[in-house]
Amino acid sequence: MGRRFCVRCGVLESSNQPIIDGLCPKCFIKERTIVNLPTKVEVTICSLCYALYSMGRWVNVGLRLEEVLEYYINKVLIKRENTYPGFNDVKAQVVRVSGGKIEVIVRGTYRNASLSQKLITNVRINYRLCPRCLKIKTGGYEALIQIRFEGGVDRRLGREVLKLISKHERIMTSITDVEEVKEGLNIKLMSQSVARQLANIVKKKYGAKVVQSWTDAGYVSGKRHSKLTISLRLPTLRREDIIVVGEKDIALVVDVSESFIRLMRLSDGKEIKLTYDNLWSKGFRKLTPKEYVIIKGKVLGYEGGYAVIQEVTTGNIYRVRPHILKDLGSDAEVLIYKGEAYLLR
């Protein structure tokens, strides 16, 4: 059997130059199309963020018009039924959009040959605001996250929370506004389910206390509508902090992790390991340095179950419960809070 050839130019078929329905690749490109695109490509795009409305939902695919149209053509328009039989890996690249026309380079493979073809078709772009941009423009939202700090406002921790949130695309696309307020951060979102997701991420990472509430927002389509507010209280605890647990237990923060906190109760030196849920249920308050005094002293001796410690600078004597036995003459630190003395270390 003789070798096949191109009926138009007569070139013989080879491994890298297959005959496609009687035509070599070069002649095929001149007479046929790799994919049949519609005579007019019509899309709806957000005029602010270039989100694409496709198949009933808004999709963020790029920040340039060419990127959006390229996504639409490849995901929606190029299908097996409108691709020339035998072609595989067909992809389109938008190279120019101008004057109601779109210029596309279509690439595909036929057996061992790679082909590319320039196609030009009409394009109509309908611009309107996507729900997110509409809410941003009108100041609308469906959920409010209030991030607050137990133990004093911590701006560094606030920035850390925002960095954590930025890694989650679904959350970022739902946020309409982030406001730094005196007490912490206010984050507005379009989706209540995404707001709950955000709250769970922050709770897991930082041991936050979560409180939800609802605000009446009138009627939508004849039904009562409410907005969700989630308060997240983050414990701003570090090692060496002094806290009051419950109403009277004074404790030194020994260790802080994502899942628990370890404390030393100063009244008896007992070490306590608590989950953040346990800590919140007991209640706690971080003391400020103005509320207590730490003095340095020397151990003079032990009397009646108490350690006798003399302050180095003033010579004052303090009697404290010795949760650790220290040698006579050794250094000691005593914490004074509301007139009570506790052996710190």
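Residues numbered from 1 in each chain as written. Predicted model: local features only at pLDDT ≥ 70, side-chain atom pairs only at ≥ 80, totals over all residues. Heavy atoms only, no water.

So, the overall build of the protein
Item 1. Check the secondary structure of the protein and you find seven helices and 21 strands.
Item 2. Computed over the C-alpha atoms, the radius of gyration of the protein is 35 Å, more than 25% above the 20 Å expected from 2.2 N^0.38 for a compact globule of 345 residues.
Item 3. For the protein, the C-alpha atoms occupy an extent of roughly 115 × 60 × 30 Å along the three principal directions.
Item 4. When contacts within the protein are restricted to residue pairs at least 6 apart in sequence, long-range pairs at least 24 apart make up 48% of them. (Helix = DSSP H or I, 4+ residues; strand = E, 2+ residues; numbered from the N terminus. Rg over C-alpha atoms; globule rule 2.2 N^0.38 Å. Contact = heavy atoms within 4.5 Å.)

A look at unusual backbone geometry
Item 1. The phi torsion at Tyr50 lies on the positive side, around 65°, for a residue other than glycine.
Item 2. Positionally, Tyr50 belongs in the loop between β1 (40-45) and β2 (52-54).
Item 3. For Tyr50, a relative accessible area of 24% corresponds to the partly exposed category. (Buried < 20%, exposed > 50% of the residue type's maximum accessible area, 1.4 Å probe, protein only.)

Quick word on the confidence of the model for the protein
Item 1. Taken residue by residue, the protein gives an average pLDDT of 88. The fraction at 70 or more is 97%.
Item 2. For the protein, the element scoring lowest by mean pLDDT is helix α3 (residues 131-138), at 77; strand β5 (residues 101-110) scores highest, at 94. (pLDDT = per-residue confidence, 0-100.)

Quick notes on the sheet that holds β1
Item 1. Spatially, six strands are ordered β3-β2-β1-β6-β5-β4 in an open sheet, and the strand pairing comes out mixed. Among the strands making up the open sheet, the edge pair consists of β3 (57-59) and β4 (87-98). Each adjacent strand pair in this sheet contributes to an overall mean axis angle of 40°, direction not counted.
Item 2. In the sheet, β1 pairs with β2 via two bridges, with the strands oriented antiparallel. In the sheet register, Ile45 faces β2, and the bridge partner there is Leu52.
Item 3. Lying over the sheet, helix α2 (residues 65-77) contacts β1, β2, β3, β4, β5 and β6 (113-127), oriented at roughly 150° with respect to β4. (Pairing = 2+ DSSP bridges. Axes fitted to C-alpha atoms, helices over the stretch in contact; angles between N-to-C directions.)

Observations regarding the packing of helix α4 (residues 155-165) against helix α6 (residues 192-206)
Item 1. It is the contact of α4 with α6, at a shortest axis distance of 11 Å, that shows an interaxial angle of 125°. Taken together, the axes of α4 and α6 are oblique relative to one another. The hand of the α4/α6 crossing is right-handed. Residues Leu157, Glu160, Val161, Leu164 and Ile165 of α4 form the contact with α6, whose own contacting residues are Leu198, Ile201, Val202, Lys205 and Tyr206.
Item 2. Among the residues forming the contact of α4 with α6, the class breakdown is eight nonpolar, no polar and two charged. (Parallel < 35°, antiparallel > 145°, perpendicular 65-115°, else oblique. Left-handed = near helix turned anticlockwise from the far one by under 90°. Nonpolar A, V, L, I, M, F, W, Y, C, P; charged D, E, K, R; others polar.)

Comments concerning the pattern of salt bridges
Item 1. Following the criterion strictly, the structure yields 20 salt bridges and no others.
Item 2. A salt bridge links Arg345 to Glu240; the nearest nitrogen and oxygen atoms lie 2.3 Å apart. A residue pair is termed long-range when its members are at least 10 positions apart, and Arg345 in the segment after β21 (340-343) and Glu240 in the loop between β11 (223-235) and β12 (242-245) qualify at 105 residues.
Item 3. Looking at Arg345, the relative accessible area reads 33%, which means it is partly exposed.
Item 4. Given the relative accessible area of 44%, Glu240 is considered partly exposed.
Item 5. One salt bridge connects Arg319 with Glu303, and the closest N-O pair in it is separated by 3.4 Å. Taken as a pair, Arg319 in strand β19 (residues 317-320) and Glu303 in strand β17 (residues 293-303) lie far apart in primary sequence, 16 residues in all.
Item 6. The network of salt bridges with shared partners includes Glu240, Lys296, Glu333 and Arg345. (Salt bridge = Lys/Arg side-chain N within 4 Å of Asp/Glu carboxyl O.)

A closer look at the packing of aromatic side chains
Item 1. Within this structure, the stated rule accounts for six aromatic pairs.
Item 2. Plain terms: the ring middles of Phe28 and Tyr84 are 4.9 Å apart, the flat faces sit at 85° to each other, and that makes the pair edge-to-face. Taken together, the residues span a long stretch of sequence, with Phe28 in helix α1 (residues 25-31) and Tyr84 in the loop between α2 and β4 at a distance of 56 residues. The burial state of Phe28 is the same as that of Tyr84; both residues are buried.
Item 3. Ring geometry for Tyr84 and Phe87: centres 6.3 Å apart, planes at 90°, overall edge-to-face. (Phe/Tyr/Trp six-rings, centres within 6.5 Å; stacked < 30°, edge-to-face > 60°.)

Considerations on the side chain of Ser174
Item 1. Mapping Ser174 onto the fold places it in helix α5 (residues 169-174).
Item 2. A relative accessible area of 4% places Ser174 in the buried class.
Item 3. The contact partners of Ser174, leaving out residues within four places of it in the chain, are Arg132, Lys188, Leu189, Met190, Ser191 and Val194.

Thoughts on the sheet that holds strand β16 (residues 284-286)
Item 1. If you walk across this open sheet you meet the five strands as β15-β14-β13-β12-β16, and the pairing is antiparallel. Since the sheet does not close on itself, it has two edges, and those belong to β15 (271-275) and β16, each with one partner. On average, each strand axis in the sheet is inclined to that of its neighbour by 35°, with strand direction left out of account.
Item 2. Where strand β13 (residues 249-256) meets strand β14 (residues 260-265), five bridges bridge the pair, whose relative direction is antiparallel. By the bridge assignment for β14, Leu252 is matched with Met264.

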